[in-house]
Protein chains: 2
Amino acid sequence: MGLDEVSQKPHDRLAAWLAEDMAQVNLLIRERMASKHAPRIPEVTAHLVEAGGKRLRPLLTLAGARLCGYEGAYHIHLAATVEFIHTATLLHDDVVDESERRRGRPTANLLWDNKSSVLVGDYLFARSFQLMCETGSLRVMDILANASATISEGEVLQLTAAQDLGTTEDIYLQVVRGKTAALFSAATEVGGVIAGASEAEVEALHAYGDALGIAFQIVDDLLDYGGTADAIGKNTGDDFRERKLTLPVIKAVAKADAEERAFWVRVIEKGKQGDGDLEQALAIMARHGAMQAARADALAWAGVAREALTRLPEHPLRGMLHDLADYVVERIS
Amino acid sequence: MGLDEVSQKPHDRLAAWLAEDMAQVNLLIRERMASKHAPRIPEVTAHLVEAGGKRLRPLLTLAGARLCGYEGAYHIHLAATVEFIHTATLLHDDVVDESERRRGRPTANLLWDNKSSVLVGDYLFARSFQLMCETGSLRVMDILANASATISEGEVLQLTAAQDLGTTEDIYLQVVRGKTAALFSAATEVGGVIAGASEAEVEALHAYGDALGIAFQIVDDLLDYGGTADAIGKNTGDDFRERKLTLPVIKAVAKADAEERAFWVRVIEKGKQGDGDLEQALAIMARHGAMQAARADALAWAGVAREALTRLPEHPLRGMLHDLADYVVERIS
C-alpha cells in the first residue's frame, strides 16, 4: 500500500511515514519488556503495550528527530523510553483512579492486582531509564528526568485539587502540563536534541509538544463528558464520578448561580451523586457554553502548536505535525 | 561530644565519622523533597524521611567515596539519590504489602491513601534521577538504572513466589538480591565510582554492598519471626500473615514431614490461618533448627562482605564497615 492510499488522518500519515522506525521501536519495546526472572512483568505490560494504543508519544520523538535530519539510531531508544514512561504512568494511574476501563479493555489492576500495577510500573520506569542511559546524552537524561518529576508533581496536584471547587483554570493548566504536556514536550524535544538541532529548533519542538499536549488533554477531558465509550474506551462521566475539576466543570462553576453552585457543592465537593446528576451536570455546562469555551481553548493551544512549527525546517513531517495539532481537537466534533 | 564518647555500635561510629557529610545530605534531601505546586509531597515524604530511619544506604555511599579518597561534593548528591530511591521503594511497598506499621509509625497509606503513596513514590524516583544527572557521570547513572530495574524485578518475583511452597533458597536469594542487596551494592559502588577508584576497588565495594545487603535482609526476615515490635517497628509475624516464603520457612518446609507439610500447605498456600498458627510455625521451625540455619547463612554472607573489604585501602572507615557486617547479623541475638 502506497502512502497515498493511506487514510487521511494525520496520525495515520505520521505512522505510515515513520513505519520503519516504529517497527524498530516496537521490537525494542518487546525486547526490553522481557524479564528472565519475573515472567509476570511482560504479562502485565503486554496487556497495555500490545493493546493498540496510538503510540502518539514515540511518534513525536521519531518525528522530532527525523524532521531535524537525524540519521543515527538513538531516536529508536528515546521513542521506546517515552512509551515506557507513558505505560508506567498508565499502570500507576490505574491503581490511583480505580478507573474500570482503559483503552477499551479492563485495566491491569482488575486483571491482576494493585501490587502488580505498582511494581511493573516501577520496572518500566527503570527500563526507560536504562534505555536513555544507552544514548549517552546527559542532556536527554536531564530533560526526561525533569519531565518525570513534573509528571508526578502534576498527578499529586490533581489529587489535591480534586473535589475542590476553588480550583482555577491556572491550576488546571498546571495539572495538565504535568500529567500530559510534560511528556509530549519532552518527547518532541529529545528528538531534536539527539539530532543535534539548534537551540531555537529544540525550543520550538518543546513548545509544539507542550501546546499539543495541553490541547490533547483538554479534548480528552471534554470527551469524558461527551465522547462515546467506543471512541475512547472510557466510560462517559468517569471524571464526574471521580469528582475531578476539569476545564468544562471549572468554566461552569465560575458562572454558576446559587442553585447551580449548590448542585456542584453536592456532587463534587460532598460527592453525593445519584441518578440523573451526570445529565444535570451536562445541562448546566451546556447552559453556560462551557464545553464550547473549553473547545475554543483547545483550538487556541493547537494554534500555539502550529505557530511553533514555523520555526522548524521545511519537511513533509512538519506538515503532518501541523495537521496533527488540528486533528487532536477535531476528534471531538 | 568526641568520637570516643560515641556509642560503640558500628553504625553509630560510621554516622559520627561521616556526620558533616550526612548533615549536607539531610539538607539536600529536605531541599529536593519540596514541591512548589504540590505541598502534599513533603507532607508524605517527611513522614518517612524524618522518621529517624537508619540512613544506612546513604552512609554506605559516603563511606565508599571517602574510603577511596574522594574530596569532591557529588557523593552528597549520590547519597541523597540512594535515600530517595529507598524511600520511594518503601512508599510503593506500603501500597503493596498493606502492612500496618513501618519504622514503628503508621504507614503513609494509612495516614493518607494509596494514591499518595504511589504518586509521591514516583516523584521521589524522578527526583533521585535528577540528582544523579547532576553528577554528570554516565557510569553512575548506568549503575543506578540497573539497580532500579533489579529492585522492581525482585519485588515482582517476590510477589509471584509468595504462597508458593516450591520456592527454593535460590529463588529467595534472587528476591533478596533484588529487593535489598541491589541498592546496597549500588550505594557502595557509586561511592567508589565517583571517587575515581580502580576497577578492583569498585568491584570490591560492589561485592561488599551485595553481601551486606543479603545478610541484612536474611536477618530482617528472621526478626519478623523473632524480633520484638519495639526493636524493628514491625509486628512479629507480618511475613507469616502475608504468606511470604522467607528463608527460615523455606528451610523448615524442606525438612517437613507429612503432617508439617500439611500445616504449611494450609497456612501458606491456602492462607487458612487461625489462632495459634504463628506459634505452631515457630515451633516447627525451632524443631528443624531453621532459624539457626538461616542465621548461619547470614553470618556466612557477613564473612563474604568482610573479605571484600580486604581489597580496599586501609582506612578507619574500612574498620567500621568491617564491624558493620558483623553488626547487621548480631542485632538479632
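Conventions we followed
- Residues numbered from 1 in each chain as written.
- Chains lettered and ligands numbered in written order.
- Predicted model: local features only at pLDDT ≥ 70, side-chain atom pairs only at ≥ 80, totals over all residues.
- Heavy atoms only, no water.
- Phe/Tyr/Trp six-rings, centres within 6.5 Å; stacked < 30°, edge-to-face > 60°.
- Helix = DSSP H or I, 4+ residues; strand = E, 2+ residues; numbered from the N terminus.
- Buried < 20%, exposed > 50% of the residue type's maximum accessible area, 1.4 Å probe, protein only.
- 1 Å grid on protein atoms, 1.4 Å probe; cavity = no way out; pocket = protein on both sides within 12 Å on 5 of 7 lines; lining within 4 Å.
- Points joined across faces, edges and corners; volume = space filled by probe spheres on them.
- Nonpolar A, V, L, I, M, F, W, Y, C, P; charged D, E, K, R; others polar.
- Contact = heavy atoms within 4.5 Å.
- Axes fitted to C-alpha atoms, helices over the stretch in contact; angles between N-to-C directions.
- Parallel < 35°, antiparallel > 145°, perpendicular 65-115°, else oblique.
- Left-handed = near helix turned anticlockwise from the far one by under 90°.
- Least-squares fit on C-alpha atoms with pLDDT ≥ 70 in both.
- Buried area = accessible area lost by both parts, 1.4 Å probe.
- Salt bridge = Lys/Arg side-chain N within 4 Å of Asp/Glu carboxyl O.
- Polar contact = N/O pair within 3.5 Å; in protein donor to acceptor, adjacent residues only side chain to side chain.
- Core = buried A, V, L, I, M, F, W, Y, C linked by side-chain atoms within 4.5 Å.
- Expected span 1.5 Å × (residues − 1).
- Arc of directions from axis to C-beta.

## Considering the packing of aromatic side chains
All names here are of chain A. Considering all chains together, one arrives at seven aromatic pairs over all chains under this definition. On the numbers, 6.5 Å between centres and 70 degrees between planes, the contact of Tyr225 with Phe240 is edge-to-face. Of this pair, Tyr225 sits in helix H10 (residues 199-226) while Phe240 sits in helix H12 (residues 238-241), placing them 15 residues apart in sequence. Using a relative accessible area of 4% as the deciding quantity, one classes Tyr225 as buried.

## Remarks on empty space enclosed by the protein
Taking a probe equal in size to a water molecule and rolling it over the atoms shows the remaining empty space. With the rule as written, the count across this model stands at two cavities of 30 Å³ or more. Lining the largest cavity are 29 residues, with Phe125 and Ala126 of chain A together with Asp122, Phe125 and Ala126 of chain B sitting closest to its centre. Contributing elements (two or more residues each) for the lining of the largest cavity: helix H5 (74-97), helix H7 (114-134) and helix H8 (138-161) of chain A together with helix H5 (74-97), helix H7 (114-134) and helix H8 (138-161) of chain B. Of the residues belonging to the lining of the largest cavity, the class tally is 14 nonpolar, 10 polar and five charged. Of the volumes computed, that of the second largest cavity is approximately 130 Å³. Taken together, 14 residues form the lining of the second largest cavity, with Gln158, Tyr172, Val175, Leu245 and Thr246 of chain A sitting closest to its centre. Per element, the largest residue contribution to the lining of the second largest cavity is five residues, and it comes from helix H9 (residues 169-194) of chain A. Taken together, the residues of the lining of the second largest cavity break down into seven nonpolar, four polar and three charged.

## Overview of the side chain of Ser148 of chain A
Looking at where Ser148 of chain A falls in the secondary structure, it is placed in helix H8. With a relative accessible area of 12%, Ser148 of chain A lands in the buried category. Ser148 of chain A has contacts with Ile85 of chain A together with Ala126 and Phe129 of chain B, leaving out every residue within four places of it along the chain.

## Looking at the packing of helix H9 (residues 169-194) of chain B against helix H10 (residues 199-226) of chain B
Residues and elements named next belong to chain B. The contact between H9 and H10 brings their axes to 7 Å, and the two run at 140 degrees. When the interaxial angle is binned, H9 and H10 end up oblique. Crossing handedness for the pair H9 and H10: right-handed. Residues that form the contact of H9 with H10 fall into these classes: 13 nonpolar, eight polar and five charged.

## Some thoughts on the environment of His37 of chain A
With respect to the helices, strands and loops of the structure, His37 of chain A is situated in the loop between helix H2 (19-33) and helix H3 (40-49). Sequence-distant contacts of His37 of chain A, defined by excluding residues within four places in its chain, comprise Glu153, Leu157 and Gln174 of chain B.

## Describing the relation of the copies chain A and chain B
Mapping chain A onto chain B calls for a screw motion: a turn of 180 degrees about the axis and a shift of 0.0 Å along it, with 0.0 Å RMSD after fitting. In the structure described here, the two chain copies are related by an operation that fits a two-fold rotation axis. A share of 100% of interface residues in chain A that are also interface residues in chain B marks the association as one of identical surfaces.

## Digging into the interface of chain A and chain B
With 40 residues of chain A at the contact, the number on the chain B side is 40 residues. Regarding the contact of chain A and chain B, the summed buried area is about 3,700 Å², with carbon and sulfur atoms giving 75% of it. Of all residues in chain A, the largest losses of buried area upon contact with chain B belong to Leu119, Phe129 and Glu153 of chain A, amounting jointly to 17% of the total for that side. Linking chain A with chain B are zero salt bridges, by the criterion used here. Summed over the shared surface of chain A and chain B, the number is six residue pairs in polar contact (both at pLDDT 80 or more). When contributions to the side of chain A that touches chain B are tallied by element, the ones reaching two or more residues are H3, H5, H7 and H8 of chain A.

## Describing the pattern of salt bridges
All names here are of chain A. All told, the structure shown has 34 salt bridges over all chains when counted by the stated rule. A salt bridge links Arg32 to Glu134, with the nearest nitrogen and oxygen atoms 2.7 Å apart. Placement of Arg32 in helix H2 and of Glu134 in helix H7 is noted, with a sequence separation of 102 residues between them. You can call Arg32 buried: its relative accessible area is 16%. With relative accessibility at 33%, the residue Glu134 sits in the partly exposed group.

## Brief notes about the side chain of Gln158 of chain A
Residues and elements named next belong to chain A. Here Gln158 shows up in helix H8. A distance of 2.9 Å separates the side chain of Gln158 from the side chain of Lys179, its partner in a polar contact. When near neighbours in sequence (up to four residues on either side) are disregarded, Gln158 contacts Val175, Lys179 and Lys244.

## Remarks on the environment of Leu278 of chain A
Residue and element names in this part refer to chain A. Topologically, Leu278 is positioned in helix H15 (residues 277-287). Leu278 sits in the buried class, given a relative accessible area of 15%. Taking the C-alpha atoms as reference points, Leu278 and Asp238, 40 residues apart in sequence, are found 9.9 Å from one another. Residues within four places of Leu278 in sequence aside, it is in contact with Tyr225, Thr236, Gly237 and Phe240.

## Notes on the nonpolar core
In this structure, Tyr208 and Trp264 of chain A together with Tyr208 and Trp264 of chain B are the most contacted members of the largest nonpolar core, which totals 213 residues. In contact with Tyr208 of chain A, other than residues within four places in its own chain, are Leu60, Thr188, Ala305, Ala308, Leu309, Leu321, Leu324 and Ala325 of chain A.

## Considerations on helix H4 (residues 56-67) of chain A
Residue and element names in this part refer to chain A. Taking 1.5 Å of rise per residue, 12 residues should cover 16 Å, and H4 covers 16 Å from first to last C-alpha, within 8% of that figure. For H4, the buried fraction is high: 11 of the 12 residues fall into the buried class. For H4, every residue scored as buried is listed here: Leu56, Arg57, Pro58, Leu59, Leu60, Thr61, Leu62, Ala63, Gly64, Ala65 and Leu67. Remark: Gly69 follows H4 within two positions and exhibits a positive phi of approximately 80 degrees.

## Remarks on helix H14 (residues 258-269) of chain A
Residue and element names in this part refer to chain A. Burial in H14 covers these residues: Glu260, Phe263, Trp264, Val267 and Ile268. Each buried residue of H14 sits inside an arc of 100 degrees when the element is viewed along its axis, so together they form one side. With respect to the buried face of H14, the exposed residues turned more than 90 degrees away are Ala258 and Glu259. Residues of H14 that are buried make contact with H12, helix H13 (247-254) and H15.

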